[in-house]
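Okay, here's what each chain looks like letter by letter:
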Amino acid sequence: MAETKMAETLNGDSDQPLLTAEGLGKSYGHLMACRDVSFALYPGEVLAIVGESGSGKSTLLQLLSAQLTPSAGSVSYRMRDGVMRDLAALGEAERRFLFRTDWGYVHQDPAMGLRMAVSAGANVGERLMAVGWNHYGRIRDTASSWLERVEIDTGRIDDAPRTYSGGMRQRLQIARNLVTEPRLVFMDEPTGGLDVSVQARLLDLMRNLVSELGLAAIVVTHDLAVARLLSHRVMVMKGGRVIETGLTDQVLDDPCEPYTQLLVSSILPA
Amino acid sequence: MNAPTYNFAYLDEQTKRMIRRAILKAIAIPGYQVPFASREMPMPYGWGTGGVQVTAAILGRDDVLKVIDQGSDDTTNAISIRKFFAKTAGVATTTSTTDATVIQTRHRIPEGALHAGQVLVYQVPIPEPLRFLEPRETETRRMHALGEYGLMHVKLYEDIARFGHIATAYAYPVKVNARYVMDPSPTPKFDNPKMDNCAALQLFGAGREKRIYAIPPHTSVVSLDFEDHPFTRYRFDAPCALCGAGDSYLDEIVTDDKGSRMFVCSDTDYCETRQSQGHRGSESAAPHKERAHG
Amino acid sequence: MYVAVKGGERAIENAHRLLAHERRGDRDVPEVSLAQISEQLSLGVDRVMTEGSLYDRELASLAIKQARGDMIEAIFLVRAFRATLPRFGATEPVDTGRMQVRRRISSTFKDIPGGQILGPTFDYTHRLLDPQLAEGFAPELPATSDAPAGAMPRVTDILGRDGLIESSPRPDDDAPVGDLTREPLSFPADRDLRLQNLARADEGFLLALGYSSQRGYGRTHPFAGEIRLGEVEVEFLAEDVGFAVPLGSITLTECQMVNQFKGSATEGPCFTRGYGLAFGHCERKVMSMALVDRSLRARELGEEVLAPSQDEEFVMSHSDNVQATGFVEHLKLPHYVDFQSELGLLRKLRQEFAEAEASPPLREAAE
């Protein structure tokens, strides 16, 4: 993995934002799914976007990851060459390249992010092959070491994820995303649909990986426990707007907005 | 009733011009699949309509045509297509690889090296090398446009993980001119190296799927593989029972119901030429008789 | 000693001779004439004209005779002939509103201007085999009355006047007519090309897809707004004389399905359309076509594409029976070379498997 070590040196340059959103909005006809969102994300920083379903947080994640075109505002990203680029101005080839290398995207449903009929080894190796790795043995070794990192028995490397449990699938999806050592990972309800005990283990793993790799992450979740464990900062959304933002502990322990107070008290009892 | 009359080489000149434009574009972008308005031909789709349209579009009155199927001039479909052009274009036909100016083929590349000025026309059933990995045309076209071939490598990786080998025996994917991944049509992978730096022009026609693609002369064609699992040719390890050739692709002939087999050249012209030069195998017939077609 | 198989040419000639003999059947039975096929197997002729995309009863009859009644083979014969015909241009759009109607039914209104006309239909016949027909008999002459005086507006036009159904897109007279026999198809395809594809599509394939949409795979809530059969004038705008010249009349079947309504922020809710049109009398075909046409509009109408009938790449790539039959039947062609290659690989893999079985890895013993 020496090829991608330079990412770390770039991550060290943390006084410049990695991603910025300015006046971001998306409307469907008369429905404003998301409006006037502005913030900056710094290298190595984990931001949680919380809110109830329908609050616009998933729309926002899709806008930030250039999967939706905004109706208003813009998203900019600092490329590996240090230049800030407007995502809307990127060509499709550049966007897809970003997605395969410098970004990761962890779906709530691992079936969306994995090739379910293809072996775990190939699932992890795909990104490497897409950027030109051409040595079977090295691809396999790298895949194997990533399975270890996400606590999957390397003896299962040739099994397809459809034979995996829900928690294993989610860990495999994470390995598949992290193998190219991206600088930014988007996560959409990464623990949704998992048993509570499985959730705890996954969260623990994600927290360690994020800090080891110095990853920046944007995590969408309705579960404030996830936000508390993973994130440095929190944005609370309601009705398509960001109503409160701040350091995670501060927002969750001492919320200003009545809505956030309600959210905290109902989901985090005691 | 409308009595049908047909143009030289069956297709009308307008259609030929349309096909030639597609061919020129294909030559200009080696390995890229050019859509063309394939016509209904008087033989069924999947039986060589793409190759027949390409041949019809490039055939001139002075051309000498050879048609092979499975390497042989004598298989029924090769005969049928050769007769079609003998009738509609009145061109000379031959079974000799060296004498032919245009060779239409299904599933084989002749054993002998092709020379400059010759055109090899392949019949292609499924032109899209990514089709069985991604069924959607809109998606595969995007993958080609962006040069995203990771998925193809996933397939090769899976083969090795499962079988220890790249388990593709024919229609083995290649990269043309270091840009487009291309399906060489269902030729055995034994034939793949012949496409590389070939002196002849190679044209590929897929009628049902409405695509034409090309490899211009002396273009690089590389079979996909891994550094530590390099592409290998396959040929049954035996000399031809008729001509003794040790370097040709062989047909397996089951000779009785007790499992006896013999192996003979699939390229009949190559085999017969060698026999006429005095080469013999273990099962050779008496001195060679006259050729079936002149 | 082995001699390679030869004589394929002779074999082909003999096979064709035998085919001609089998086609003729028992020579003591009178040979069927094209007029008999055209007059007495007329719905078969209609299907061959529709899917063969050529309005010529005599050629279609010949094709059916030559194909020994194999409809797809007959359609193939007509298509291959059609592909060689020179193209003079496109006719003016036919106006089915001015059709000389022989049959016209609507399932949406009990009575409609011009009335419901049952016409020649299998509907409401009891499907009992008729021994009388086996003998051969002269049926009664049909009942007649004066042609209805008033116009017969299309039901969709009646709905359209109140804005209850989406308006048909305005034709752009200057835009060239899409033609997938002249231009390679690319996706996404516009509706003109989709309708052309469906018009040429295999009746059985469309029937199954339309049926699947009714059973919930991409449901569209259809009503048979109107089905009409009759004759329309075909006109061709001759550039040199400067006006449209009538070429004659052709028989058409048309189906307008009225489907579930949609609405958006900018448009009020209204019914949507599915359309089917065929040469001759092909009622099952046009109904199926209209169902599939509506299903294929999912993308355009902002519906989720989930079912096969909504997937234009799937439908349009597999609807053509001439293409389909060719590729399925090409499996009859020799594949010796590829098979040999597969055989070689399989033998190698089996050998390696056997060797691995014979010497189990030491690792297991140690564990």
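None of these values were measured; they are calculated from a predicted model.

Reading the values: rules and limits
- Along every chain, residues carry numbers that run from 1 in the direction the sequence is written.
- Think of it this way: whatever chain is written first is A, whatever ligand is written first is 1, and the rest follow in order.
- Under the rules for a predicted model, residues below a pLDDT of 70 receive no local features and side-chain atom pairs below 80 are neither given nor counted, while totals for whole chains, interfaces and linings still include all residues.
- The side-chain values count all of the structure's non-hydrogen atoms but skip hydrogen atoms and water molecules.
- Helix numbering and strand numbering both begin at the N terminus, where a helix is a DSSP run of H or I of at least 4 residues and a strand a DSSP run of E of at least 2.
- In this description the radius of gyration comes from C-alpha coordinates, and the expected globular size is given by 2.2 Å times residues to the power 0.38.
- Contacts: residue pairs with any heavy atoms within 4.5 Å of one another.
- For every residue, the accessible area (1.4 Å probe, protein chains only) is compared with the maximum for its type, and the residue is labelled buried under 20%, exposed over 50%, or partly exposed between those bounds.
- Only the protein chains shown count as covering a residue, and every accessible area follows the Shrake-Rupley method with a 1.4 Å probe.
- Each axis is a line fitted through C-alpha atoms, taken for helices only over the stretch in contact, and angles between the N-to-C directions span 0 to 180 degrees.
- Note on terminology: angles under 35 degrees are roughly parallel, angles over 145 are roughly antiparallel, angles of 65 to 115 are roughly perpendicular, and the others are oblique.
- Crossing chirality is assigned from the near helix's rotation relative to the far helix, an anticlockwise turn below a right angle marking it left-handed and a clockwise turn marking it right-handed.
- The pLDDT value expresses, per residue, how confident the predictor is, ranging between 0 and 100.
- At least two DSSP bridges between two strands are needed for those strands to be called paired.
- Domain segmentation is taken from an automatic or database assignment of domains.
- The buried area of a pairing is the accessible area, by a 1.4 Å probe, that goes missing from both parts when the two are put together, added over both.
- When a carboxyl oxygen of Asp or Glu is within 4 Å of a side-chain nitrogen of Lys or Arg, the pair counts as a salt bridge.
- Identification of polar contacts relies on pairs of N or O atoms within 3.5 Å, with a donor-acceptor requirement for protein atoms, meaning one able to donate a hydrogen and the other able to accept it, and with residues adjacent in sequence counted only if both atoms are side-chain atoms.
- Throughout, the ten residues Ala, Val, Leu, Ile, Met, Phe, Trp, Tyr, Cys and Pro are labelled nonpolar, Asp, Glu, Lys and Arg are labelled charged, and all others, Gly among them, are labelled polar.

Bringing the overall build of chain B into the picture now. When its secondary structure is counted, chain B shows 7 helices and 12 strands. For chain B, whose C-alpha radius of gyration is 20 Å, the value lies close to the compact-globule estimate of 19 Å for 294 residues. Dimensions along the principal axes, computed over C-alpha positions, put chain B at roughly 60 × 55 × 35 Å. Sequence separation of at least 24 residues holds for 61% of the intrachain contacts in chain B that already meet a minimum separation of 6.

Now for the overall build of chain A. Within chain A, the secondary structure is distributed over 11 helices and 10 strands. Against the 2.2 N^0.38 benchmark of 18 Å for 270 residues, chain A shows a C-alpha radius of gyration of 18 Å, consistent with a compact globule. Overall size of chain A, expressed as C-alpha extent along the three principal axes, is 55 × 45 × 35 Å. Among the 270 residues that make up chain A, the fraction classed as buried is 54%. At a minimum sequence separation of 6, the contacts of chain A that also span at least 24 residues come to 68%. Accessible surface computed for chain A: about 11,500 Å², of which carbon and sulfur atoms make up 51%.

Pro188 of chain C follows Phe187 of chain C through a cis peptide bond whose omega is -5°. Residue position: Pro188 of chain C is located in the loop between α7 (155-161) and α8 (191-200). With a phi close to 60°, Ala9 of chain B is a non-glycine residue in the positive phi region. One can find Ala9 of chain B in the segment before α1 (13-28). The residue Tyr124 of chain C is not glycine, and still its phi comes out positive at about 70°.

Let us now look at the packing of helix α9 (residues 203-214) of chain C against helix α10 (residues 283-296) of chain C. Relative placement of two packed helices is described by the angle separating their axes and the distance separating the axes. Residue and element names in this part refer to chain C. Contact geometry for α9 and α10: axes closest at 8 Å, N-to-C directions at 55°. As judged from the angle between their axes, α9 and α10 are oblique. When the axes of α9 and α10 are compared, the crossing they make is left-handed. Contacts between α9 and α10 involve Glu203, Leu206, Leu207, Leu209, Gly210, Ser213 and Gln214 on the former and, on the latter, Arg284, Lys285, Ser288, Met289, Leu291, Val292 and Ser295.

With that out of the way, let us pick up the confidence of the model for chain B. All names here are of chain B. On average, chain B scores 91 in pLDDT, and the residues at 70 or more come to 95%. Predicted confidence for residues 286-294 stays below pLDDT 50, and this span has 15 contacts to residues more than four positions away or in other chains. Scoring of the predicted complex yields 0.83 for pTM and 0.84 for ipTM.

With that settled, consider the sheet that holds strand β8 (residues 216-221) of chain A. All names here are of chain A. Taken in spatial order, the 6 strands line up as β6-β7-β8-β3-β9-β10 in an open sheet, and their pairing is mixed. Sheet topology places β6 (103-106) and β10 (241-247) at the edges, where each strand pairs with a single neighbour. Across the sheet, the mean angle separating the axes of adjacent strands is 15° when strand polarity is ignored. Of the strands in this sheet, β3 (46-50), β6, β7 (184-188), β8 and β9 (233-238) are in contact with helix α2 (residues 57-64), which crosses β8 at around 155°. Each of β6 and β7 touches helix α7 (residues 166-178); the most contacted strand, β6, lies at about 165° to it.

Below, the discussion takes up the domain arrangement of chain A. All names here are of chain A. Split by domain assignment, chain A resolves into domain 1 (2-102 + 184-264) and domain 2 (117-181). Its C-alpha centre places domain 1 at a distance of 25 Å from the equivalent point of domain 2. The interface is formed by 21 residues belonging to domain 1 together with 16 residues belonging to domain 2. Between domain 1 and domain 2 lies a buried interface of about 1,600 Å² when both sides are counted; carbon and sulfur atoms form 59% of it. The interface formed by domain 1 and domain 2 contains 2 salt bridges. In this structure, the salt-bridge partner of Arg149 is Glu212, at a minimum N-O distance of 3.1 Å. Inspection of the domain 1/domain 2 interface yields 7 residue pairs in polar contact (both at pLDDT 80 or more). Mapped by element, the contributors of at least two residues to the side of domain 1 that touches domain 2 are α3 (92-101) and α8 (196-213). Here the side of domain 1 that touches domain 2 takes 8 residues from α8, the largest share from any one element. Grouping the amino acids of the side of domain 1 that touches domain 2 by side-chain chemistry returns 13 nonpolar, 2 polar and 6 charged.

All names here are of chain B. Strand order in the open sheet made by the 3 strands is β7-β6-β10, with antiparallel pairing throughout. Every interior strand has two partners, whereas the edge strands, β7 (180-182) and β10 (221-223), have only one. For this sheet, the mean angle separating the axes of adjacent strands, direction not counted, is 35°. The pairing of strand β6 (residues 174-176) with β7 spans 3 bridges and is classified as antiparallel. Bridge assignment links Lys175 to a residue of β7, and that residue is Val181.

Residue and element names in this part refer to chain A. Where strand β1 (residues 19-28) meets strand β2 (residues 31-41), 7 bridges bridge the pair, whose relative direction is antiparallel. Note that in β2 the partner of Tyr28 across the bridge is Leu31. Hairpin connection between β1 and β2: a loop of 2 residues separates the two successive antiparallel strands, and Gly29 in this loop has a positive phi of roughly 60°.

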